[in-house]
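Architecture and fold: a report
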Amino acid sequence: LKVVRGPYSGETVEIDHIVPLSLAPEVGNELANLEMLPQTMNRKKSNYITTRQLSLAQRLFEAGLLRQESLQRIRNESEKSPLQSEKLRSFLLQ
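Now for a description of the structure that goes with this document. (Residues numbered from 1 in each chain as written. Predicted model: local features only at pLDDT ≥ 70, side-chain atom pairs only at ≥ 80, totals over all residues. Heavy atoms only, no water.)

1. Examining the nonpolar core
The following threshold applies: Only buried Ala, Val, Leu, Ile, Met, Phe, Trp, Tyr and Cys residues count toward a nonpolar core, and they belong to the same one when joined by side-chain atoms within 4.5 Å. Throughout, exposure labels follow a simple rule: accessible area from a 1.4 Å probe, protein chains only, divided by the maximum for the residue type, with under 20% read as buried, over 50% as exposed, and the rest as partly exposed. Going along the chain from the N terminus, every DSSP run of H or I of four or more residues is numbered as a helix, and every run of E of two or more is numbered as a strand.
Formed by Ile18, Val19, Leu23, Ala24, Val27, Ile49, Leu56, Ala57, Leu60, Leu66, Leu71 and Ile74, the largest nonpolar core amounts to 12 residues. Within the residue set of this core, elements represented by two or more residues are α2 (51–62) and α3 (68–80). Sort the elements by how many residues they give to this core and α2 lands first, with 3 residues. In terms of nonpolar packing, the next biggest core, distinct from the first, is built from 5 residues, Tyr8, Val13, Leu37 and Met41 among them.

2. Observations regarding the packing of α2 against α3
This is how the line gets drawn: Fitted lines through C-alpha atoms serve as axes, helices being fitted only where they are in contact, and the angles separating the N-to-C directions of these axes extend from 0 to 180 degrees. Here the angle decides the label: under 35 degrees means roughly parallel, over 145 means roughly antiparallel, 65 to 115 means roughly perpendicular, and every other value means oblique. Crossing handedness: left-handed means the near helix sits turned counterclockwise from the far one by under a right angle, and right-handed means the same turn made clockwise. The contact definition used throughout considers only heavy atoms, calling two residues in contact when any of these lie within 4.5 Å.
Between α2 and α3, whose axes approach to 10 Å, the crossing angle comes to 170°. In terms of axis orientation, α2 runs roughly antiparallel to α3. Taken as a pair, α2 and α3 cross one another with a handedness that is left-handed. For the pair α2 and α3, contact is made by Leu54, Ala57, Gln58 and Phe61 and by Gln68, Leu71, Ile74, Arg75 and Ser78, respectively.

3. Digging into α2
This is how it is decided: For a helix, the expected span equals 1.5 Å multiplied by the residue count minus one. As used here, the arc is the angular range of directions from the helix axis to the C-beta atoms.
Given a rise of 1.5 Å per residue, 12 residues ought to cover 16 Å, and the 16 Å separating the end C-alpha atoms of α2 matches this to within 8%. Listed as buried for α2 are Gln53, Leu56, Ala57 and Leu60. Looking straight down α2, one finds its buried side chains confined to an arc of 105°; they lie on one side. For α2, the exposed residues lying more than 90 degrees away from the buried face are Thr51 and Glu62. Next to the buried residues of α2 lie α1 (39–45) and α3.

4. Things to note about the pattern of salt bridges
The following threshold applies: Take a side-chain nitrogen of Lys or Arg and a carboxyl oxygen of Asp or Glu: if they are within 4 Å of each other, that pair is a salt bridge.
The tally for this structure, following the rule as stated, stands at 5 salt bridges. One salt bridge connects Arg52 with Glu35, and the closest N-O pair in it is separated by 2.8 Å. Of the two residues, Arg52 is situated in helix α2 and Glu35 in strand β2 (residues 34–38); the sequence distance between them amounts to 17 residues. Owing to a relative accessible area of 42%, Arg52 belongs among the partly exposed residues under this scheme. In this structure, Glu69 engages Arg67 in a salt bridge whose closest nitrogen and oxygen atoms are separated by 3.2 Å. Through salt bridges that share partners, Glu26, Arg67 and Glu69 make up one connected network.

Dropping the structure here:
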């Protein structure tokens, strides 16, 4: 599958884990935790945690899909992350 419009036109589309698999393996293949991204964006994103990932993690926890330990790992990672949502968006669009 390829991106057909925009700055990533022609790139391969990859499935991305919104909440990183490395931090929350139990929600790895939950549909709510997956999105399609151009390959370049997915590779740049890596395991960054922003308010978006933190918010989804909280919702997954409340739905009983995410363990307390994983939620805590995500919270800890978000505190270490040097990028906020706007900075990450800028970074990904470079």
